[in-house]
Amino acid sequence: MLQNIRVVLVNTSHPGNIGGAARAMKNMGLSRLVLVDPEDFPSSEAVARASGATDILDGAIVVGTLEEALVGCNVALGTSARDRRIPWPLLDPRECATTALQQVELGGEVALVFGREYAGLTNDELQRCQFHVHIPSNPEFSSLNLAAAVQVLAYEVRMAWLAAEGQPTKMSKLETTAMLNTQPVTTDELELFYGHLEGVLVEIGFLDPASPRHLMSRLRRLYGRSGISKLEMNILRGVLTETQKAVRGESHKRRKDDV
Ligand code: SAH
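Residues numbered from 1 in each chain as written. Predicted model: local features only at pLDDT ≥ 70, side-chain atom pairs only at ≥ 80, totals over all residues. Heavy atoms only, no water.

Trainee: Please explain a negative patch on the surface as it appears in this structure.
Mentor: Side chains of Asp37, Glu39, Asp40 and Glu45 sit close together on the surface and give a patch of like negative charge. By secondary structure assignment, the location of Glu39 is in the loop between strand E2 (32-36) and helix H2 (44-50). (Patch = residues over 30% accessible without salt bridge, like charges linked within 9 Å, V, L, I, M, F, W, Y side chains within 5 Å. Areas by Shrake-Rupley, 256 points an atom, 1.4 Å probe, with all protein chains shown as cover. Salt bridge = Lys/Arg side-chain N within 4 Å of Asp/Glu carboxyl O. Lys, Arg positive; Asp, Glu negative; His and termini not counted. Charge placed at Lys NZ, Arg CZ, Asp CG, Glu CD. Helix = DSSP H or I, 4+ residues; strand = E, 2+ residues; numbered from the N terminus.)

Trainee: Looking at this structure, how should I read the site of the ligand?
Mentor: For the ligand, the set of nearby residues contains 21 residues, the closest of which are Thr79, Arg82, Ile135, Ser142 and Leu144. Residue Ile135 places a main-chain N or O atom 2.8 Å away from a nitrogen atom belonging to the ligand. Between Ser137 and the ligand, the recorded distance is 3.2 Å, taken from a side-chain N or O atom to a nitrogen atom. Coverage of the ligand by the protein chains reaches 94% of its 540 Å² of free accessible surface. For the shell around the ligand, the class distribution of residues is nine nonpolar, eight polar and four charged. (Near = heavy atom within 4 Å. Polar contact = N/O pair within 3.5 Å; in protein donor to acceptor, adjacent residues only side chain to side chain. Nonpolar A, V, L, I, M, F, W, Y, C, P; charged D, E, K, R; others polar.)

Trainee: I'm lost on the pairing of strand E6 (residues 110-114) in this one. Help?
Mentor: Moving residue by residue along a regular strand, the side chains alternate between the two faces of the sheet. Burial analysis of E6 places five of its five residues in the buried class, the great majority of the element. Alternating positions in E6 separate into two faces, Val110, Leu112 and Phe114 on one and Ala111 and Val113 on the other, with burial throughout. In the sheet, strand E4 (residues 75-79) pairs with E6 via four bridges, with the strands oriented parallel. Paired with Ala76 across the two strands is Ala111, which belongs to E6. (Buried < 20%, exposed > 50% of the residue type's maximum accessible area, 1.4 Å probe, protein only. Pairing = 2+ DSSP bridges.)

Trainee: Before we go on, may I ask you to explain the domain arrangement of the chain in this structure?
Mentor: Interface size is often expressed as the accessible area that is lost when the parts come together. According to the domain assignment, the chain contains domain 1 (2-165) and domain 2 (178-258). Relative placement of domain 1 and domain 2: their C-alpha centres are 57 Å apart. (Domains from an automatic or database assignment.)

Trainee: When you look at the packing of aromatic side chains in this model, what are you seeing that I'm missing?
Mentor: Aromatic rings considered in pairs are described by the distance between their centres and by the relative angle of their planes. Within this structure, the stated rule accounts for two aromatic pairs. Ring geometry for Phe193 versus Tyr194: centroids 5.7 Å apart, planes at 50 degrees, classification tilted. What makes Phe193 buried here is its relative accessible area of 1%. Summarising the aromatic geometry, the rings of Phe193 and Tyr223 are spaced 4.9 Å apart at their centres and angled 85 degrees between planes, so their arrangement reads as edge-to-face. A residue pair is termed long-range when its members are at least 10 positions apart, and Phe193 in helix H9 (residues 187-203) and Tyr223 in helix H10 (residues 215-225) qualify at 30 residues. (Phe/Tyr/Trp six-rings, centres within 6.5 Å; stacked < 30°, edge-to-face > 60°.)

Trainee: Please clarify how H9 should be interpreted in this entry.
Mentor: Residues spaced three or four apart along an α-helix point in a common direction, a consequence of the helix completing one turn every 3.6 residues. Between the first and last C-alpha of H9 there are 24 Å, a value that for 17 residues agrees with the 24 Å anticipated at 1.5 Å per step. Residues of H9 that are buried include every one of Leu190, Phe193, Tyr194, His196, Leu197, Val200 and Leu201, and no others. Close packing links the buried residues of H9 with H10 and helix H11 (230-247). Looking one or two residues past H9, Gly205 carries a phi angle of roughly 80 degrees, positive in sign. (Expected span 1.5 Å × (residues − 1). Contact = heavy atoms within 4.5 Å.)

Trainee: Explanation requested: unusual backbone geometry in the structure shown.
Mentor: One can expect most non-glycine residues to show negative phi and most peptide bonds to be in trans. Geometrically, the link from Phe41 to Pro42 is a cis peptide bond, its omega value of -5 degrees lying close to zero. Along the polypeptide, Pro42 turns up in the loop between E2 and H2. Phi at Ser51 takes a positive value of approximately 50 degrees, unusual for a residue other than glycine. Looking at the element boundaries, Ser51 is found in the loop between H2 and helix H3 (54-58). On the accessibility criterion, Ser51 (46% relative accessible area) is partly exposed. A positive phi is found at His214, a non-glycine position, where the angle reads about 55 degrees. Inspection of the secondary structure puts His214 in the loop between H9 and H10.

Trainee: So what exactly am I meant to see when it comes to H10 here?
Mentor: The set of residues buried in H10 consists of Leu215, Met216, Leu219 and Tyr223. One side of H10 carries all its buried residues, which in axial view fall inside an arc of 85 degrees. Exposed residues lying more than 90 degrees from the buried face of H10 are Arg221, Gly224 and Arg225. Gly227 lies just past H10 and shows a positive phi near 55 degrees. (Arc of directions from axis to C-beta.)

Next comes the structure, spelled out in structure tokens:
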């Protein structure tokens, strides 16, 4: 799907920006770069800024006009840092990504079009695009670096693509650790904890067995509400054990890695 989305850079002045755009594209899984009349390409500066994404630069197609860059495209989305005089269907980057993904899911071809560093896209070029895309930047300083603008749109395209593929947006290792940490405690473990807690509260004189005044029910309600994980339960049990040792005057030197 992503191979049906091309990034078109119009009349770029700085080869470093072409390299930066290539890197941003490869990071997000985009591969097709089309350069309209670049001022300096190929260039070693582009290679340096691509930081390993040289395959994207090697595969880049260089054409003379935007019209040629858009051949075979079903939808072109033109980016702009500022308001233009003619009102046009305007999307934010997220909507742009959804529109692009919808189009490629239908088997279509999409172009994300970016303008010159100093002058952006001309009105004529923007009017060749069915949609305009504006990154909602600070209105008093609205123009992003070209490669940074490519990064923002490429990222949104990736997020939309991951969602469409049903793929996770979090790294699996982190997810596994997070799952272990959030593995819920069982009811019998909770009961053991309540028993331990009650014993300690009596021992430290906070709970008077002759006059319990719903203390344990209230604590059960509190802990029951909090969805304690196994890891958190270990911490609570550790606190209770150390409290008992302290009350009983036992040594309670603890290793830092006890928990
Ligand atoms: N002075 C130019 C700015 C060009 S910045 C102008 O006023 O248009 C170079 C390119 O980066 C723009 O043509 C556009 O493709 C992209 N870009 C920069 N900031 C953007 C923004 N806030 N929203 C969308 N695209 C942006």
